[in-house]
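Overview (structure and organization)
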Amino acid sequence: MTNGPDLRVILSPNANPESSSEVLEAGFIEMSKLKGNMGKESYPLPAGNDMVTFNSVVIYWKSFRVVFAVAPLN
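Residues numbered from 1 in each chain as written. Predicted model: local features only at pLDDT ≥ 70, side-chain atom pairs only at ≥ 80, totals over all residues. Heavy atoms only, no water.

**Comments concerning a nonpolar patch on the surface**
A surface patch of nonpolar side chains, amounting to about 300 Å² of accessible area, comprises Phe-64, Val-66 and Phe-68. Along the chain, Val-66 falls in strand 4 (residues 66-72). (Patch = residues over 30% accessible without salt bridge, like charges linked within 9 Å, V, L, I, M, F, W, Y side chains within 5 Å. Areas by Shrake-Rupley, 256 points an atom, 1.4 Å probe, with all protein chains shown as cover. Salt bridge = Lys/Arg side-chain N within 4 Å of Asp/Glu carboxyl O. Helix = DSSP H or I, 4+ residues; strand = E, 2+ residues; numbered from the N terminus.)

**A short note on the nonpolar core**
Leu-7, Val-9, Leu-11, Ile-29, Met-31, Phe-54 and Ile-59 together form the largest nonpolar core, which totals seven residues. Listing elements by their share of this core, those giving two or more residues are strand 1 (7-12) and strand 2 (29-33). For this core, the element with the highest residue contribution is strand 1, accounting for three residues. With residues near it in sequence (within four places) discarded, Leu-11 still touches Phe-28, Ile-29, Met-31, Leu-45, Met-51, Phe-54, Ser-56, Val-57 and Leu-73. (Core = buried A, V, L, I, M, F, W, Y, C linked by side-chain atoms within 4.5 Å. Buried < 20%, exposed > 50% of the residue type's maximum accessible area, 1.4 Å probe, protein only. Contact = heavy atoms within 4.5 Å.)

**A short note on the sheet that holds strand 3 (residues 56-61)**
Taken together, four strands build an open sheet; the order of strands is 2-1-3-4 and the sheet is antiparallel. Each edge of the open sheet carries a strand with a single partner, namely strand 2 and strand 4. When strand polarity is set aside, the average angle formed by the axes of neighbouring strands in this sheet is 25°. As paired strands, strand 3 and strand 4 are joined by six bridges and run antiparallel to one another. What sits directly across from Tyr-60, in strand 4, is Val-67. (Pairing = 2+ DSSP bridges. Axes fitted to C-alpha atoms, helices over the stretch in contact; angles between N-to-C directions.)

Next comes the structure, spelled out in structure tokens:
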């Protein structure tokens, strides 16, 4: 049993994904499990990736394929 949903931090090429298929379209990267829900967090970008290919950061409930939150990147 866990304390909460299986939330993940995902970088997506989609600027405003609203569905699981839009989050997980070609070119997405699953960064990590969400570390917490308060304060600042940082996640290192895996080597060989360029931030210009990503248009949003998504908090995603992996187990149930639900988009929790989206932050567009400029």
